[in-house]
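# Structural overview
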Amino acid sequence: MDLSDRQHQIVEIVKENGPITGENIAEQLSLTRATLRPDLAILTMAGYLDARPRVGYFYTGKTGSELLTEKLKKFKVQEFQSIPVVVSEDVSVYDAICTMFLEDVGTLFVVNEGAYLVGVLSRKDLLRASLGNQDLREIPVHIIMTRMPNVTICYKDDLLLEAGQILIEKQIDALPVVKDSEQGYEVIGRLTKTNLTKALVELGRDQRV
Ligand code: ADP
């Protein structure tokens, strides 16, 4: 996080004099306590300072990169997931290709009549099916998809870093975010490499600190 000059000054004062009350920090800077309040709130929220009731502010000793890493480790799938695009297992490869273009996604999730997850279709799955001379309107996607139980899933409360690790290990682009039910997995989201890139960029730009 880019600290303002005043925030830097506050950190230095607390480093040298902490624990120190907000009142005393304000005095040292010849400012009012009220003027300082937003800066103290930001520094506390960002983890540079900690506040103890009736004791005052003290320096946590954490560097900017330590604080960013802590933040990254707390990110959950839910905060970054996208809307899933699903197709029924009976649609044709042709229609699945159209859906992929129209919805502008690289992975489709395939569901059964009850809307529960039965498979995954990637771009290459559809390209492979298009290589022969078959009529793509006649081939249902369930013939070519990666099917359960071989589909790797994740949950909205999973850590983003763990989901990212799975994408790397399995060499896939997307995970369906699912909810358990007795009949199967309900697809509630889509976690892709793009979502992970967004998390990284957001963290770098520090919009969440
Ligand atoms: P592409 O094939 O377009 O490069 P992927 O790398 O995501 O996209 O897919 C590679 C293979 O892995 C495909 O056969 C696809 O069906 C399968 N696959 C994709 N996502 C998953 C998943 N979540 N679980 C299991 N298999 C998957």
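Before reading on, note that the structure itself is shown above.
This one's a predicted model, so the numbers in the text were calculated from it and none came from an experiment.

### Focus on the pattern of salt bridges
If you walk through the whole model with that rule in mind, you get seven salt bridges. One salt bridge connects Asp125 with Arg128, and the closest N-O pair in it is separated by 3.4 Å. Of this pair, Asp125 and Arg128 both sit in helix H7 (residues 123-130), three residues apart, roughly one helical turn. Overall, the relative accessible area of 10% leaves Asp125 in the buried class. Of the residues examined, Arg128 reaches a relative accessible area of 51% and is grouped as exposed. Residues Lys156 and Asp157 are paired through a salt bridge, measuring 3.7 Å at the closest nitrogen-oxygen approach. Here the salt bridges do not stand alone but share partners, grouping Arg123, Asp173 and Lys193 into one network.

### Here we look at the layout of surface pockets
When its volume is computed, the largest pocket comes out at roughly 450 Å³. Taken together, 18 residues make up the lining of the largest pocket; nearest its centre are Val120, Ser122, Gln171, Ile172 and Asp173. Secondary structure elements with two or more residues in the lining of the largest pocket: strand S5 (117-122), H7 and strand S7 (174-181).

### Details of the site of the ligand
The environment of the ligand is made up of 15 residues, and the closest members are Ser122, Asp125, Thr146, Thr152 and Asp173. Within the side chain of Asp125, an N or O atom sits 2.4 Å from an oxygen atom of the ligand. Interatomic distance of 2.6 Å between a side-chain N/O atom of Thr146 and an oxygen atom of the ligand. Taken by itself the ligand offers 540 Å² of open surface, and the protein chains cover 84% of this. When atoms are counted within 2 Å of each cavity's grid points, the one that captures over half of the ligand is the largest pocket. Among the secondary structure elements, those contributing two or more residues to the shell around the ligand are S5, H7 and S7. Residues of the shell around the ligand, tallied by class, amount to six nonpolar, five polar and four charged.

### Regarding the environment of Gln81
Examined against the element boundaries, Gln81 turns out to sit in the loop between helix H5 (77-80) and strand S3 (86-88). Gln81 gets classed as partly exposed once you look at its relative accessible area, which sits at 22%. For the pair Gln81 and Thr194, spaced 113 residues apart in sequence, the C-alpha to C-alpha distance is 9.6 Å. Ignoring sequence-local partners within four residues, the contact set of Gln81 consists of Lys156, Val177, Ile188, Gly189, Arg190, Leu191 and Asn195.

Conventions we followed
- Residues numbered from 1 in each chain as written.
- Predicted model: local features only at pLDDT ≥ 70, side-chain atom pairs only at ≥ 80, totals over all residues.
- Heavy atoms only, no water.
- Salt bridge = Lys/Arg side-chain N within 4 Å of Asp/Glu carboxyl O.
- Helix = DSSP H or I, 4+ residues; strand = E, 2+ residues; numbered from the N terminus.
- Buried < 20%, exposed > 50% of the residue type's maximum accessible area, 1.4 Å probe, protein only.
- 1 Å grid on protein atoms, 1.4 Å probe; cavity = no way out; pocket = protein on both sides within 12 Å on 5 of 7 lines; lining within 4 Å.
- Points joined across faces, edges and corners; volume = space filled by probe spheres on them.
- Near = heavy atom within 4 Å.
- Polar contact = N/O pair within 3.5 Å; in protein donor to acceptor, adjacent residues only side chain to side chain.
- Areas by Shrake-Rupley, 256 points an atom, 1.4 Å probe, with all protein chains shown as cover.
- Sits in = over half its atoms within 2 Å of the grid points.
- Nonpolar A, V, L, I, M, F, W, Y, C, P; charged D, E, K, R; others polar.
- Contact = heavy atoms within 4.5 Å.

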